[in-house]
Amino acid sequence: VVLTVQATGDSLAWQWEKDLLVISDNGILSGSQTAVLSINPSAIGHSGSYVCRVTGACGSALSTPQQIIISDPPVITSNPKDTVICEGQTLSLKTEATGTDITWQWYHNGIALSNAGKYNGAQNHTLTISGISTAEQGAYTCVVSGNCNPAYSSAATVTGQKAATITSQPASIVTCEHAADTFV
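Residues numbered from 1 in each chain as written. Predicted model: local features only at pLDDT ≥ 70, side-chain atom pairs only at ≥ 80, totals over all residues. Heavy atoms only, no water.

It is worth spelling out the overall build of the protein at this point. Helices and strands together make up the secondary structure of the protein, namely 0 helices and 19 strands. A globule of 184 residues ought to have a C-alpha radius of gyration of about 16 Å, yet the protein, at 32 Å, is considerably larger. Taking the principal axes of its C-alpha atoms as reference, the protein extends roughly 125 × 30 × 20 Å. By residue count, 30% of the 184 residues in the protein fall in the buried class. Long-range contacts, defined as pairs at least 24 residues apart, comprise 51% of the intrachain contacts of the protein with a sequence gap of at least 6. Accessible surface computed for the protein: about 11,300 Å², of which carbon and sulfur atoms make up 53%. For the protein, the separation between the mean place of its 6 positive charges and that of its 12 negative charges on side chains is 3 Å. (Helix = DSSP H or I, 4+ residues; strand = E, 2+ residues; numbered from the N terminus. Rg over C-alpha atoms; globule rule 2.2 N^0.38 Å. Buried < 20%, exposed > 50% of the residue type's maximum accessible area, 1.4 Å probe, protein only. Contact = heavy atoms within 4.5 Å. Areas by Shrake-Rupley, 256 points an atom, 1.4 Å probe, with all protein chains shown as cover. Lys, Arg positive; Asp, Glu negative; His and termini not counted. Charge placed at Lys NZ, Arg CZ, Asp CG, Glu CD.)

Structure below.
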């Protein structure tokens, strides 16, 4: 992060302030008494209101306050889990993350989901899929975005298992005693 101020006058001296407190060079902050203040590497604690007081032979001037907001990038702390579920059941997939101003977007086989049909929570940390069928099987991922680069969950594979169903019923038979009949 670099802040720059320009000033004119005779015998100028610069002093940067953060949140109304004078700051000093410290290895991360440099240029605290120059026209260019540099913060490297930046951290959340560097967020605040910065001004530069420029003093010359005939008085001083204060720059307009500039806000520096440093955000925590999104970090996935818990990935969704592979799941085997019976078709027709409801499933919830969950991703946990930390970060500043984060948002969520779930994907099924690379296609962004919306809260429609069988899907609920497509822009939340928990995605609920009701009435799983073959169409909902596949890979689910979640992208967590914020003020910094997004974070990607690992893929969770959802596999639906078919319930037992009888495809052919035995036929009723009327027969005689001691007959060799076959039930089909």
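Resuming the write-up.
Turning our attention to the nonpolar core. Formed by 18 residues in total, the largest nonpolar core has its most connected members in Leu127, Ile129 and Tyr140. Secondary structure elements with two or more residues in this core: β11 (91-94), β13 (103-108), β16 (126-129) and β17 (138-145). By residue number, the principal contributor to this core is β17, which donates 3 residues. Trp16, Leu29, Ile68 and Ile70 belong to the second-largest nonpolar core, a separate cluster that totals 12 residues. (Core = buried A, V, L, I, M, F, W, Y, C linked by side-chain atoms within 4.5 Å.)

Before going further, it helps to spend a moment on the environment of Leu29. Position of Leu29 relative to the elements: it lies in strand β4 (residues 29-30). Given the relative accessible area of 8%, Leu29 is considered buried. The spatial distance from the C-alpha of Leu29 to the C-alpha of Gln15 is 13 Å, given a sequence separation of 14 residues. Discounting chain neighbours no more than four positions away, the residues touching Leu29 are Ile23, Ser24, Ser38, Ile39 and His46.

Turning next to the environment of Ala155. Note on placement: Ala155 falls in the loop between β18 (151-152) and β19 (156-161). Residues Ala155 and Asn79, spaced 76 residues apart in sequence, show a C-alpha to C-alpha distance of 8.0 Å. Those residues in contact with Ala155 that lie beyond four places of it in its chain are Asp82, Ala139, Tyr140 and Thr141.

On to the packing of aromatic side chains, then. Across all of its chains, the model carries 1 aromatic pair by this definition. Plain terms: the ring middles of Tyr119 and Tyr140 are 6.5 Å apart, the flat faces sit at 55° to each other, and that makes the pair tilted. Of this pair, Tyr119 sits in strand β15 (residues 119-120) while Tyr140 sits in strand β17, placing them 21 residues apart in sequence. In this pair, the class of Tyr119 matches that of Tyr140, namely buried. (Phe/Tyr/Trp six-rings, centres within 6.5 Å; stacked < 30°, edge-to-face > 60°.)

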